[in-house]
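What follows is the residue order along each chain.
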Amino acid sequence: MADGNATPRPAPHSHSGLAAPLAFVRAVVVRDWKSLLVTLVTCAVAAIVTAFQYQVYTSFVRAGAAGPNYIGGSVWVSAGSIECFDFPGIIGEDYAGLLAAHFPGGGVRRVAFGFAPWTSPEGRRGNIAVIGVDGAVDDAGRAVTDKSFIADRSDLARLDLDGAAGELATLGGETMTLAGTTSRLPTFLGAPYVVTGFDQARAILRMDPGSAAFLVFDNPALDRAVLGEALGAAQARYPELTLRSTAAFAGSSSAYWQRKTGAGSAILLAAVLAGLLMMILLANGVSRFLQRYAQDLLSMLGHGAGQREVWLVAGGIAVVVAAATLLAMMVFTPLMIAAARPLLPWVFFVPADALVPALAVLLSLGVAIVSAGGAVRQFGPEAVFRT
């Protein structure tokens, strides 16, 4: 026989505290999804714009250093004060022998660069940016010989080329054949990059014999610390030159275009503003949801729920919207970039670059959940009695 004064045992632990919020969120998503559609669409559009603009920005940065990244190497030598690959000076190629003592065990390549007239296979005329480098090869490993050249795939339409080896075109008055293509030289210059052999390019550009735009040392037998010391020693010995690693020169070229044009900063600012708009829209959407379902949430409170359950409902709706926004961003951003390819042939979707916009979506989710705290505090026990 039970003792009437005995202390009742506590109920077994359960997950009933999550059951009601999950059921509420499920009911809203399944039965009243139209109420979320406006918030979802506006957040998704803002996220897609954020991701698109950020991909344009990162593509701009990469395209600004396409030349150094394509040629590679370990050490770049240029005339003093040269900041950008696309605006070189002239140095004597005999510096290769003088500098070899500082960078032993590696080869050296000469690089020429300049602009030249172009006549396409269909007879249309224009300008091209000619890159001449010793030992140039296309993406398939085919070497460039005399009277041949390589073009980037993104520029084939502008050059009236189909991409088949053997097509004829005229570079600076020289009739040459297409040796192959590459995908590593997209550019926003307006003049497509065309790669040929160094001697051929020097003749096309009418550079003085014995001159070069850059010298590139490949894989010297020095570790990173010793290579840095060798760069410093060579720079002190030849102050009329500028010596940098490939990464440093690529960064300098990208930074030059961003400083001189302001385009990179404008594109990045547009991405940031779109991300801020996404945060505002998601936070506003959660606030509107709480207002729309105020009576239902008060009913939950009347049946024993607390502010924690109301907060979980608001957070659940924010998670649903953020997840749908993230999915839409990952699906539609590559499609937008593909659709814009005729206008922006140098822009490519890189999955790794989508991490920053994805973090912006997660940050927006956090802001929405935190901002919902003020509205949730209105759903205290006293709110049930007021109604």
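Before reading further, recall that the structure is shown in the block above.
Residues numbered from 1 in each chain as written. Predicted model: local features only at pLDDT ≥ 70, side-chain atom pairs only at ≥ 80, totals over all residues. Heavy atoms only, no water.

S.K.: When you look at the overall build of the protein chain in this model, what are you seeing that I'm missing?
M.R.: Across its full length, the protein chain carries 12 helices and 11 strands. When burial is assessed residue by residue, the protein chain has 48% of its 387 residues classed as buried. In the protein chain, 81% of the contacts between residues at least 6 apart in sequence involve partners at least 24 apart. Within the structure as shown, the protein chain displays about 19,000 Å² of accessible surface, and the carbon and sulfur contribution to it stands at 62%. (Helix = DSSP H or I, 4+ residues; strand = E, 2+ residues; numbered from the N terminus. Buried < 20%, exposed > 50% of the residue type's maximum accessible area, 1.4 Å probe, protein only. Contact = heavy atoms within 4.5 Å. Areas by Shrake-Rupley, 256 points an atom, 1.4 Å probe, with all protein chains shown as cover.)

S.K.: I'm lost on the layout of surface pockets in this one. Help?
M.R.: Take a probe with the size of a water molecule and roll it over the atoms, and the empty space left behind shows itself. Empty space within the largest pocket amounts to approximately 180 Å³. Lining the largest pocket, in full, are S59, R62, A63, A66, N69, S183, R184, P186, W346, F348 and V350. Broken down by secondary-structure element, the contributors of at least two residues to the lining of the largest pocket are helix 2 (34-64) and helix 3 (66-71). Ranked by the residues each element gives to the lining of the largest pocket, the list is headed by helix 2, at 3 residues. (1 Å grid on protein atoms, 1.4 Å probe; cavity = no way out; pocket = protein on both sides within 12 Å on 5 of 7 lines; lining within 4 Å. Points joined across faces, edges and corners; volume = space filled by probe spheres on them.)

S.K.: Could you clarify how one ought to interpret the pattern of salt bridges in this entry?
M.R.: Two side chains carrying opposite charge are able to pair once their charged atoms lie near each other. Under the counting rule described, the total for this entry stands at 14 salt bridges. The partner of R142 in a salt bridge is D138, and the shortest N-O contact between them spans 3.0 Å. Owing to a relative accessible area of 45%, R142 belongs among the partly exposed residues under this scheme. Residue D138 is classed as buried on the basis of its relative accessible area, which comes to 3%. A network of salt bridges, in which partner residues are shared, links E93, R110, D134, D199 and R202. (Salt bridge = Lys/Arg side-chain N within 4 Å of Asp/Glu carboxyl O.)

S.K.: For this particular structure, what's the right way to read the pairing of strand 7 (residues 174-182)?
M.R.: On any regular strand, side chains alternate: one points to one face of the sheet, the next to the other face. As paired strands, strand 5 (residues 148-152) and strand 7 are joined by 5 bridges and run parallel to one another. Looking across to strand 7, one finds that F149 is bridged to L178. In the sheet, strand 6 (residues 168-171) pairs with strand 7 via 4 bridges, with the strands oriented antiparallel. Bridge pairing links T170 to T175 in strand 7. Hairpin connection of strand 6 to strand 7: 2 residues between the antiparallel strands, including G172 at a positive phi of 55°. (Pairing = 2+ DSSP bridges.)

S.K.: Which parts of the structure should I look at to understand unusual backbone geometry?
M.R.: Note: most peptide bonds trans; most residues except glycine with negative phi. Of note, the phi angle at S81 is positive, near 70°, even though the residue is not glycine. Its place among the elements puts S81 in the loop between strand 1 (75-79) and strand 2 (91-92). Of the residues examined, S81 reaches a relative accessible area of 65% and is grouped as exposed. For K147, which is not glycine, the phi torsion reads 65° and is therefore positive. Residue position: K147 is located in the loop between strand 4 (125-133) and strand 5. Residue K147 is classed as partly exposed on the basis of its relative accessible area, which comes to 38%.

S.K.: Explain the side chain of S154 to me, please; I cannot follow it from the model alone.
M.R.: Turning to its location among the elements, S154 is positioned in the loop between strand 5 and strand 6. A distance of 2.5 Å separates a polar atom in the side chain of S154 from a polar atom in the side chain of D152. (Polar contact = N/O pair within 3.5 Å; in protein donor to acceptor, adjacent residues only side chain to side chain.)

S.K.: I keep staring at the pairing of strand 6 and nothing clicks. Help me out?
M.R.: Residues A169 and L171 line the buried face of strand 6, whereas the alternating positions L168 and T170 sit on a face that is not buried. Alignment of strand 3 (residues 107-119) against strand 6, held across 2 bridges, turns out to be antiparallel. Along strand 6, the bridge assignment pairs T119 with T170.

S.K.: What exactly am I supposed to notice about the packing of helix 2 against helix 7 (residues 246-261) here?
M.R.: Geometry of a packed helix pair, given as the angle between the helix axes and the separation of the axes. Interhelical geometry of helix 2 versus helix 7 gives an angle of 120° and a closest axis separation of 7 Å. What the angle tells us is that helix 2 and helix 7 run oblique. By crossing handedness, the relation of helix 2 to helix 7 is classed as right-handed. Here helix 2 contributes Y57, F60, V61 and G64 to the contact with helix 7, which in turn contributes S253, S254, W257, Q258 and T261. Its residues assigned to classes, the contact of helix 2 with helix 7 comprises 4 nonpolar, 5 polar and no charged. (Axes fitted to C-alpha atoms, helices over the stretch in contact; angles between N-to-C directions. Parallel < 35°, antiparallel > 145°, perpendicular 65-115°, else oblique. Left-handed = near helix turned anticlockwise from the far one by under 90°. Nonpolar A, V, L, I, M, F, W, Y, C, P; charged D, E, K, R; others polar.)

S.K.: Whenever I open this one, helix 6 (residues 224-237) confuses me. Can you help?
M.R.: For an α-helix, 3.6 residues make a turn, and residues three or four places apart therefore share a direction. The terminal C-alpha atoms of helix 6 lie 20 Å apart, and with 14 residues this matches the ideal 20 Å at 1.5 Å per residue to within 8%. Three or more residues of helix 6 are buried, namely L227, A230, L231 and A234. An end-on view of helix 6 places all buried positions within 105° of arc, on one side of the element. Away from its buried face by more than 90 degrees, helix 6 exposes A225, E229 and A236. (Expected span 1.5 Å × (residues − 1). Arc of directions from axis to C-beta.)

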